[in-house]
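Next come the chains, spelled out residue by residue.
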Amino acid sequence: MTYNKLLEFAGPRIRQFLKDKQCEGAFGWTDFNAECYKKMYEENSYDDVRTVKMLKEEIPELREVCKRCGQFYVRPRNKSVVVYDLMFGKLLEDVIIDFLNAEFRIHAVHGDITDKRYPDCMILGPDKGIVAYFEVKYHGAPFINAIHKINRYCYEGSATLDFKKVVRQLEIIDSDIERPVFYLHWIDYPCLKGIFFETSEQVKDYIYGNGEMFVRQKREGDEAKTPQSVYLEKIYSPLLTMGTFDEFINMIRNMRG
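Since the model is a prediction, treat every value here as computed from it, not as a measurement.

Peer 1: What is the right way to read the sheet that holds strand β6 (residues 193–199) from this model?
Peer 2: Pairing between the strands of a sheet comes from backbone hydrogen bonds, and it takes one of two forms, parallel or antiparallel. With mixed pairing, 6 strands are arranged side by side in an open sheet as β1-β2-β3-β5-β6-β9. The sheet is open, and its two borders are formed by β1 (107–110) and β9 (243–244), each paired with just one other strand. By the bridge criterion, 4 bridges tie β1 to strand β2 (residues 121–124) in an arrangement that is antiparallel. Residue Val109 lies in a different strand from β2, and its bridge partner there is Met122. Contacting β3 (130–139) and β5 (181–188), helix α7 (residues 163–177) crosses the sheet at an angle of about 150 degrees to β5.

Peer 1: How should the nonpolar core be read in this particular structure?
Peer 2: In globular proteins that are soluble, nonpolar side chains generally tend to be buried together. In terms of nonpolar packing, the biggest core is built from 34 residues, with Ile96, Leu100, Phe134, Trp186 and Phe248 touching the most fellow members. If one sorts the elements of this core by residue count, helix α5 (residues 82–104) sits on top with 9 residues. Setting aside anything within four residues of it in sequence, one finds Leu100 in contact with Arg105, Ile106, Ala108, Ile123, Phe134, Phe245, Phe248 and Ile249. With 20 residues, the next largest nonpolar core counts Tyr155, Ile187, Tyr189 and Leu239 among its residues.

Peer 1: Mind showing me how you'd approach the packing of α5 against helix α9 (residues 245–256) here?
Peer 2: Between two packed helices, what matters for the description is the angle formed by their axes and the separation of those axes. Contact geometry for α5 and α9: axes closest at 13 Å, N-to-C directions at 65 degrees. Judged on the interaxial angle alone, α9 and α5 are roughly perpendicular. As α5 packs across α9, the resulting crossing turns out to be right-handed. For the pair α5 and α9, contact is made by Phe99, Leu100 and Phe104 and by Phe245, Phe248, Ile249 and Arg253, respectively. When grouped by side-chain class, the residues that make up the contact of α5 with α9 number 6 nonpolar, no polar and 1 charged.

Peer 1: Got a minute to help me understand the pattern of salt bridges in this structure?
Peer 2: Any two side chains of opposite charge can pair, so long as their charged atoms come close to each other. All chains considered together, the criterion is met by 13 salt bridges. Here Lys38 and Glu43 are joined by a salt bridge, their closest N and O atoms 3.8 Å apart. What makes Glu43 partly exposed here is its relative accessible area of 39%. A salt bridge links Glu135 to Lys137; its shortest N-O distance comes to 2.8 Å. Among the residues examined, Glu135 registers a relative accessible area of 1% and is labelled buried. One continuous salt-bridge network, built from bridges that share partners, spans Lys38, Lys39, Glu43, Arg50 and Glu58.

Peer 1: Can you help me understand the environment of Arg152 in this one?
Peer 2: Within the secondary structure layout, Arg152 lies in the loop between α6 (146–149) and β4 (160–162). Looking at Arg152, its side chain comes within polar contact range of the main-chain oxygen of Ser237, at 3.3 Å.

Peer 1: Quick question: what am I supposed to make of the packing of aromatic side chains here?
Peer 2: The description of an aromatic ring pair rests on the distance of the ring centres and on the angle between the ring planes. Taken as a whole and judged by the stated rule, the model has 26 aromatic pairs. Ring plane angle 15 degrees and centroid distance 5.8 Å describe the contact between Phe17 and Phe88, whose orientation is recorded as stacked. Placement of Phe17 in helix α1 (residues 2–18) and of Phe88 in helix α5 is noted, with a sequence separation of 71 residues between them. You can call Phe88 buried: its relative accessible area is 12%. With a centroid separation of 4.8 Å and an interplanar angle of 85 degrees, the aromatic rings of Phe72 and Tyr73 are classed as edge-to-face. Among the residues examined, Phe72 registers a relative accessible area of 39% and is labelled partly exposed.

Quick notes on the rules
- Residues numbered from 1 in each chain as written.
- Predicted model: local features only at pLDDT ≥ 70, side-chain atom pairs only at ≥ 80, totals over all residues.
- Heavy atoms only, no water.
- Pairing = 2+ DSSP bridges.
- Helix = DSSP H or I, 4+ residues; strand = E, 2+ residues; numbered from the N terminus.
- Contact = heavy atoms within 4.5 Å.
- Axes fitted to C-alpha atoms, helices over the stretch in contact; angles between N-to-C directions.
- Core = buried A, V, L, I, M, F, W, Y, C linked by side-chain atoms within 4.5 Å.
- Buried < 20%, exposed > 50% of the residue type's maximum accessible area, 1.4 Å probe, protein only.
- Parallel < 35°, antiparallel > 145°, perpendicular 65-115°, else oblique.
- Left-handed = near helix turned anticlockwise from the far one by under 90°.
- Nonpolar A, V, L, I, M, F, W, Y, C, P; charged D, E, K, R; others polar.
- Salt bridge = Lys/Arg side-chain N within 4 Å of Asp/Glu carboxyl O.
- Polar contact = N/O pair within 3.5 Å; in protein donor to acceptor, adjacent residues only side chain to side chain.
- Phe/Tyr/Trp six-rings, centres within 6.5 Å; stacked < 30°, edge-to-face > 60°.

Shown next as structure tokens:
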């Protein structure tokens, strides 16, 4: 599994940055996580989506993990240290870019930092032309109350995108970019782990279809940001329609030729 290779490649670098700030099991992979990946994603679908109750019956260890997870994440998470968050987001982009280059000879680079409307990362072809764009979104905290707030299960309904930001970006994609754009969701819950992707077309269809939107509460740290960079309105991308990290890599390799 390519995700495991990424953890081996990037784990020491990430742990060095996080030090004692990471939660138990973060950026790890166990047999339990492999079973969750199988039951929650590979063998699951929206035609007959597994409830959390069903999953607890299929994965005995999940019951205790859910209990600890709920106790930890149900507490309000009000602090957001802007500089730290930006550095951590940049680090995760760096490790994926470096991994794609080192492991698959895919020429990935950071995007144009002068125009924040454009996606953060790019894939270049052999002629240095832009083949595709991608963004990396890290999700380490499941939306514990998802079933009550948006009628979704926490394991499949916690991967968020900023509503206003992504709508503006979709407009730029249609008018200026004219290249494939991918959103990589790095999911790192106590149960489910992996990198999953959706295309900008999937995001567009979801937003203008029946996608749920949720308005989060303001957190300590929001006041340190400019008003236009505080995004309270969120959409929750559907996990079970996403592709895998391996599929993303294969698509990019085919695009590059």
